[in-house]
Amino acid sequence: GRTCELFYQQLNTHLFSSRNKLYLGKTKLDVNAAYQNTTLAHFGEPGEYELEMALGTTTYEAKVYLPSDEKSEYIVGVQGMNQQNANSNNRETLLLPNAATNNYSAFGLLQHTFFDKLKLQAGARYDYRTLVSEEAGEATTTGYRPAVEKNFGSFSGSAGATFHFSDELLVRANFASAFRSPNLAELTSNGPHEAIYEVGDGSLVPEKSFEGDFGLHYHNDNLTVDLAGFYNRVANYIYISPTGNDTPEGLPIYQYMQNNSALYGGEAGIHLHPKVVEWLHLEGTFSSVTGIQHNGNFLPFIPANKINMEVRAEKEKLLFLDQAFASVRSTTAFDQNNTAPDETATPGYMLVDVAIGGSIKVKKQSISIIVSANNLFDTKYTDHLSTLKEVGLLNPGRNIALTLKVPFGSRGQFNSGK
């Protein structure tokens, strides 16, 4: 049947958002705000709550676009977030304690284009965050969470340039320094989370990173090529890692840790659209990232190298279909043998997805129809980022979907000349 009765989650989300633009002479002001409330309930046996919690998040920002010209842009602004996590009805499982997180920031951004070829951009930002959580449980019991009260603050910044050698060729370079404070889960976890047991660390300090990247882009009427590389040095990098130990119930224990680390890699992509076969598109990308700690150990949960390929055929009109298309996509993941201590290697895999579709008209209404199949050959595989690998749960198998899209518009959109 289709009715969920045991071991399932129920999520309810309500969102309200407001976006506004005010024009004050040559100055533009964006004022945006949103509130989102999400409740999560987890059921073990039919009708029995194991976990019940709610997360309320308020975000707001104001950005001022100062007077500029077609070659320049100057922006200053402020942003804020207030978040409240609350557990309900004293359920058996406590995923995270009751807590309040507040974040306030101010930033500035400027960019200018010189002699129509060189664009320079720079920005700076200051963040201040507070995180206060309540004590949960008793100090002598399993799953105890002490109260946490943390204050974090730091500057971040970036500077970059894009140079157009011609209309077809450009290069980009960027240097940035960033800051990230530990979140509630990283500081306070101490209990089962699905198929693992997560342990946080209340003594974690913020990450601070220094990153550089370089990219090259070339395009003409039928060919696009992109190359990019990056190197990111992170002080006090926070990550979750297997410990090699299990709980008495048999759950593998994962611990939040931090170490000075480096992440580096790159991506290469090509898109070929032959003029002699205008309906054909050939695309391919290769991506690679390596994560390593200062002691020489690899970081856990680093994606395997991947190649993505797509062959896509498109026709404006085919029989009774408009904007008809057919595509075949493949994802090839290499073996991931660069593992952290107590982390197991993951064999590679190849997935094939197919899709076919187009639009039909019923009187004056256009309807988009797409039939697709992901993991067409029902390959049994586990991604290296899965925390369910250790308990033998595979990633999704074959999934066949029929998608119908009916775009609606106002009369003014369809009769713009009237």
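Small disclaimer: the values here were computed from a predicted structure and weren't measured. (Residues numbered from 1 in each chain as written. Predicted model: local features only at pLDDT ≥ 70, side-chain atom pairs only at ≥ 80, totals over all residues. Heavy atoms only, no water.)

Trainee: Help me understand the overall build of the chain, please; the structure alone is not making it clear to me.
Mentor: Each helix and strand counted, the chain has 2 helices and 19 strands in total. When its C-alpha atoms are laid out on the principal axes, the chain stretches across 70 × 55 × 50 Å. In the chain, which comprises 418 residues, the share counted as buried stands at 33%. Sequence separation of 24 or more characterises 57% of the internal contacts of the chain that already satisfy a separation of 6 or more. When the accessible surface of the chain is summed, it comes to about 24900 Å², and 57% of that surface belongs to carbon and sulfur atoms. When the 33 positive and 44 negative side-chain charges of the chain are each reduced to one mean point, those points stand 12 Å apart. (Helix = DSSP H or I, 4+ residues; strand = E, 2+ residues; numbered from the N terminus. Buried < 20%, exposed > 50% of the residue type's maximum accessible area, 1.4 Å probe, protein only. Contact = heavy atoms within 4.5 Å. Areas by Shrake-Rupley, 256 points an atom, 1.4 Å probe, with all protein chains shown as cover. Lys, Arg positive; Asp, Glu negative; His and termini not counted. Charge placed at Lys NZ, Arg CZ, Asp CG, Glu CD.)

Trainee: Whenever I open this one, the packing of aromatic side chains confuses me. Can you help?
Mentor: Ring pairs (aromatic) are described by centroid distance and by the angle formed between their planes. In total, this model carries 9 aromatic pairs according to the counting rule given. With a centroid separation of 4.5 Å and 45° between ring planes, the pair formed by Phe43 and Tyr49 is classed as tilted. Accessibility expressed as a relative area gives 6% for Phe43, which makes it buried. Among the residues examined, Tyr49 registers a relative accessible area of 33% and is labelled partly exposed. (Phe/Tyr/Trp six-rings, centres within 6.5 Å; stacked < 30°, edge-to-face > 60°.)

Trainee: Can you walk me through the layout of surface pockets in this structure?
Mentor: Over the atoms rolls a probe the size of a water molecule, and in doing so it shows where empty space is left. What the largest pocket holds in volume is close to 900 Å³. Leu51, Thr93, Leu94, Leu95 and Pro192 are, among the 35 residues lining the largest pocket, the residues nearest its centre. Broken down by secondary-structure element, the contributors of at least two residues to the lining of the largest pocket are strand E2 (27-43), strand E3 (49-66), strand E9 (190-193) and strand E10 (196-199). Of the residues contributing to the lining of the largest pocket, the split by class is 13 nonpolar, 13 polar and 9 charged. (1 Å grid on protein atoms, 1.4 Å probe; cavity = no way out; pocket = protein on both sides within 12 Å on 5 of 7 lines; lining within 4 Å. Points joined across faces, edges and corners; volume = space filled by probe spheres on them. Nonpolar A, V, L, I, M, F, W, Y, C, P; charged D, E, K, R; others polar.)

Trainee: Hey, could you run me through the side chain of Thr162 in this one?
Mentor: Take Thr162: it is sitting in strand E7 (residues 148-164). Look past the residues within four positions of Thr162 in its chain and what remains in contact with it is Lys117, Leu118, Lys119, Leu170, Val171 and Arg172.

Trainee: Hey, could you run me through the pairing of E7 in this one?
Mentor: Taken residue by residue, a regular strand's side chains alternate between the two faces of the sheet. Two strands pair when backbone bridges link them, and strand E6 (residues 118-133) and E7 are joined in this way by 16 bridges, in the antiparallel orientation. For Asp127, the partnering residue across the bridge sits in E7 and is Ser154. Relative to strand E8 (residues 169-180), E7 runs antiparallel, the two being bridged by 8 bridges. Its bridge partner being in E8, Ala159 is matched across the sheet by Phe175. The hairpin turn running from E7 into E8, its antiparallel successor, is 4 residues long. (Pairing = 2+ DSSP bridges.)

Trainee: Whenever I open this one, the confidence of the model for the chain confuses me. Can you help?
Mentor: Close reading of the predicted structure is inappropriate where its pLDDT is low. The predicted model of the chain has a mean per-residue pLDDT of 92, with 97% of residues at 70 or higher. Of the regions scoring below 50 in pLDDT, residues 410-418 engages in 1 contact with residues more than four places distant in sequence or in other chains. (pLDDT = per-residue confidence, 0-100.)

Trainee: Looking at this structure, how should I read unusual backbone geometry?
Mentor: Leaving glycine out, the prevailing phi sign among residues is negative, and the prevailing peptide bond configuration is trans. A positive phi angle, near 45°, is found at Gln323, a position not held by glycine. Here Gln323 falls in the partly exposed class, since its relative accessible area comes to 45%. Here the phi dihedral of Asn375 falls at roughly 50°; this positive angle occurs in a residue that is not glycine. With respect to the helices and strands, the residue Asn375 is situated in the loop between strand E18 (365-374) and strand E19 (399-405).

Trainee: Looking at this structure, how should I read the pattern of salt bridges?
Mentor: If charged atoms from side chains of opposite charge come close, those side chains can pair. What the rule picks out here adds up to 12 salt bridges. Of the charged contacts in the structure, one is a salt bridge between Glu314 and Arg312, with a shortest N-O distance of 2.7 Å. Three or more residues are tied together by salt bridges with common partners; here these are Arg180, Glu186 and Glu207. (Salt bridge = Lys/Arg side-chain N within 4 Å of Asp/Glu carboxyl O.)

Trainee: Could you clarify how one ought to interpret empty space enclosed by the protein in this entry?
Mentor: Scanning all chains against the criterion turns up 2 cavities of 30 Å³ or more. Of the pockets and cavities examined, the largest cavity occupies roughly 60 Å³. Taken together, 13 residues make up the lining of the largest cavity; nearest its centre are Ala304, Ala333, Tyr349, Asp383 and His384. Considered as a void within the structure, the second largest cavity measures approximately 50 Å³ in volume. Considering the residues around the second largest cavity, the lining is formed by Pro242, Tyr254, Phe301, Glu343, His384, Ser386, Lys389 and Glu390.

Trainee: Would you mind showing me how to read the pairing of strand E5 (residues 99-114) here?
Mentor: Bridge count for strand E4 (residues 72-87) against E5 is 14 bridges, and the pairing is antiparallel. Within E5, the residue paired with Gly80 across the bridge is Tyr104.

Trainee: Is there a simple way to explain a nonpolar patch on the surface in this structure?
Mentor: A cluster of nonpolar side chains, namely Tyr60, Tyr104, Tyr126, Tyr128 and Phe155, defines an oily patch on the protein surface of about 500 Å² accessible area. Note that Tyr60 resides in strand E3. Judged by its relative accessible area of 33%, Tyr60 is partly exposed. (Patch = residues over 30% accessible without salt bridge, like charges linked within 9 Å, V, L, I, M, F, W, Y side chains within 5 Å.)

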